[in-house]
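Topology and contacts: notes
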Amino acid sequence: MKIMHLISGGDVGGAKTHVLSLLQGLGRTETVRLVCFLEGPFAQEAREMGIDTLVITQGNLFAVVRTLAEMIRTEGFEIVHCHGSRANLLGTMLQRKVDVPMVTTVHSDYRLDYLGRPFHRLTYGTINTVCVRRIPYHIGVSDAMADLLISRGFDPQTMFTIYNGVDFTPVTPRMSRAEYFASIGLSAGAEDVVFGIAARLSAVKDVATLVRAFGLACQSVENIRLVIAGDGEQRAMLEALAKECCPEGKYVFAGWVEDTDSFYHAIDVNTLTSLSETFPYALTEGARMHCATIASRVGGVPYLIQDGVYGLLFEAQNHDQLAEHMVLLARDTALRARLGEALYHRASTHFSVDATVNRQREIYEILLRRARRNPGKRDGVLICGAYGKGNAGDDSILEAILQQMHHIDPDLPIYVLSRNPKETRLRYRVGAIHTFDFWVFFRRMGKTKLYVNGGGSLIQDVTSTRSLQYYLSNIAMARKRGNQVLMYGCGIGPVSSPANRRAAGRTINQYVDAITLREPGSARELQEMGVTRPKISITADPALLLDPAPPEAVEAFLRTQGIDPDEKHVLFVLRPWQGMEEKLPVFAAAARWCYEKKEMVPVFFALEPKRDRAVAEQVAAMVDCPHHIVSAPHDGHLIVGMMGAMEAVVSMRLHALIFAAGQGVPLVGVVYDPKVSGFLDYLHQTRYLPLEEVSQARLMPMLEEALAQTGRDDASAMRALAEENEQAARRLLEEFR
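Residues numbered from 1 in each chain as written. Predicted model: local features only at pLDDT ≥ 70, side-chain atom pairs only at ≥ 80, totals over all residues. Heavy atoms only, no water.

An unreviewed UniProt entry lists the chain under the name Polysaccharide pyruvyl transferase CsaB, with Candidatus Avoscillospira stercoripullorum as the source organism.

Some words on the side chain of His 83
Take His 83: it is sitting in strand β4 (residues 79–83). His 83 sits in the buried class, given a relative accessible area of 2%. A polar atom in the side chain of His 83 sits 3.0 Å from the side chain of His 107. Residues within four places of His 83 in sequence aside, it is in contact with His 5, Leu 6, Ile 7, Ser 8, Val 19, Thr 105 and His 107. (Helix = DSSP H or I, 4+ residues; strand = E, 2+ residues; numbered from the N terminus. Buried < 20%, exposed > 50% of the residue type's maximum accessible area, 1.4 Å probe, protein only. Polar contact = N/O pair within 3.5 Å; in protein donor to acceptor, adjacent residues only side chain to side chain. Contact = heavy atoms within 4.5 Å.)

What about unusual backbone geometry?
The phi torsion of most residues other than glycine is negative, and most of the peptide bonds are trans. Each neighbour pair has its own omega, and for Gly 493 with Pro 494 the value is 0 degrees, a cis peptide bond. Structurally, Pro 494 is set in the loop between β18 (484–492) and α20 (498–511). Backbone geometry places Glu 599, a non-glycine residue, at a positive phi of 55 degrees. Note that Glu 599 resides in the loop between α23 (584–598) and β22 (601–606).

Details of the pairing of strand β1 (residues 2–7)
Burial runs high along β1: five of the six residues are buried. Pairing between β1 and strand β2 (residues 31–36): six bridges, direction parallel. Among the inter-strand pairings, Met 4 is bridged to a residue of β2, identified as Arg 33. When β1 meets β4, the two strands line up parallel, connected through five bridges. Opposite Met 4, over in β4, you have Val 80 as the bridge partner. (Pairing = 2+ DSSP bridges.)

Overview of the UniProt feature "domain: Glycosyl transferase family" (unreviewed entry) in the chain
In the numbering used here, UniProt assigns the feature "domain: Glycosyl transferase family" (unreviewed entry) to residues 191–344. A distance of 23 Å separates the end C-alpha atoms of residues 191–344, which is 44% helix and 19% strand. (UniProt positions renumbered as here; feature names shortened; annotations may be inferred.)

Some points on the sheet that holds strand β12 (residues 292–296)
Ordered by their spatial adjacency, six strands build an open sheet running β10-β9-β8-β11-β12-β13, and the pairing between neighbours is parallel. At either end of the open sheet lies a strand with only one pairing partner, and these are β10 (251–255) and β13 (312–314). The average angle at which neighbouring strand axes cross in this sheet is 20 degrees, direction not considered. Across six bridges, strand β8 (residues 193–198) lies against strand β9 (residues 224–229) in parallel orientation. Bridge pairing links Gly 196 to Val 227 in β9. Against the sheet, helix α14 (residues 333–350) touches β8, β11 (269–272), β12 and β13, its axis set at about 80 degrees to β12. (Axes fitted to C-alpha atoms, helices over the stretch in contact; angles between N-to-C directions.)

Quick look at the structure:
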């Protein structure tokens, strides 16, 4: 690949480090040229690193654009990559003259780039705000930055994430701890705990909060010191504040630090107090030297630091909370060491320079693939279901369907009908349309190739006849608009009304091309409705294919819920239903029995928090032994991982049974709807009973049998069936004409 990078050339800090380390790494395998518009240290350092660097200092923007366009055409550059406001302006102008993919990396929140400088904000800031939206592809330097841009209306399907990488090759600092402190005029002995920050001294970095917190911490701990490395417009104010808040001799302003290795090697605790961040190098550079870390909970920081696991987080501007963290680490040598080592291992594994370079190369390959797709032709898939309503089960179905669609074609444009399109766009990085925005999804249906009526029991009238009519009318509309139509990994029924049964059978026969079902009972229901034309396959629920989150992520989630991962637990997943009130004492007795007889702590899990949390709390109030109440996280992989950590699952919710079955966890089902018993029958599971028959005499033997089971069930056959949903979608996409 031949890639041209555009940047002003006056950049400092994280953006400079990111671009130079990235280009140096890319240059080993690709042809890369850096074009700057200002001669200075940035361009000089790039040349010294062996990067092909060109400086264009012409003042006429149109002449610069002509020069760049000619260079791209004659030398065959395939991608133009912009960094910063000036580059974004030139890139916007350039894309009218050359037909190559154009991408910009957003290194910081463009609305805060000129904080405290109103004239620059009005001029450069306004120009950049307009231009950054006109560039077709965007890269956020952290998931948080990408999410911020998506929340402002940027297309999630043209958004990518990359993280600042650091070279974790071991180095020996030029100065020892004592030598470094002597060089900056700080008196600190071996017994002193030294906190440090390396940052631009500007409003957005909020170093004032650190100064105030350090002053408070000094009132509780004697042997602490503070090094503030950096310079900027707030330095005089901060020096005055430090004189007012902090004991003399315990802090020092070190100015700009060139020897960052010696700085991070010398300090004990790395701090960051920013009001806004993407993914700051200061954290990974500190991690490289095994520093314990305290940081504000902003931007991309929580993606690196799980509070209490890899470091300590505080709410931005909360100097009281920061001071508490500083006192804690000052007093606990073992905790500092543990956090420093944990962060080092996480950062060195996931946030190295090599990982950054590989990710950037992958993004370029995606851009080139997309450029080769035939423009103007129908493309993509529209997915319809009960999504965006806060039900973790339904949302996990969507997550599994998206996983399979991307497996078919990683560049496939995907759009989802959702009750909360903003949340769906943020969470899944797909296009999203409101469920009832008929005109918008009518137009989208005219551009897509495949319509997926996806997951769950959509063809039923228990909820309401209107719900059934909505899904049937959308199926008919999608087919008339030229889409192939697939009913995907779904359950059917119950459809009780004779008129609704006739309408469903007629619509499915006329407009659906293929159906995959999660259990045989749904096939019988379709047969009884008179459905004969579409090809019907009995597969399995797509949610069975969701993989668990990594063990460390599951452990961190459990700990945040107060759950000790080293203990044994039994999960109860209950929901409101008619007659549930009189059954609550039975579930409470079962939970107590698990603890008293089996030494297993009960966990009450609200899979659909808005509905289930109240029931969980009612049962928990009847339990006089240790227990936990947990609401489902948004991440389906995390839910699956948590299920896998349980000894057994007692559930009314179908999708809790599906998640647990996918991990082979022993199950006990409580049936309130035929879809629950139908799924368990399909698994050849016999441990279930109807809700109205729940009693201690019936429930306890099933629970004891589940807990006595040795080993986990083999879920591989069911997972293989679930994969057949993907094959049906693939066939319809390939058959599209």
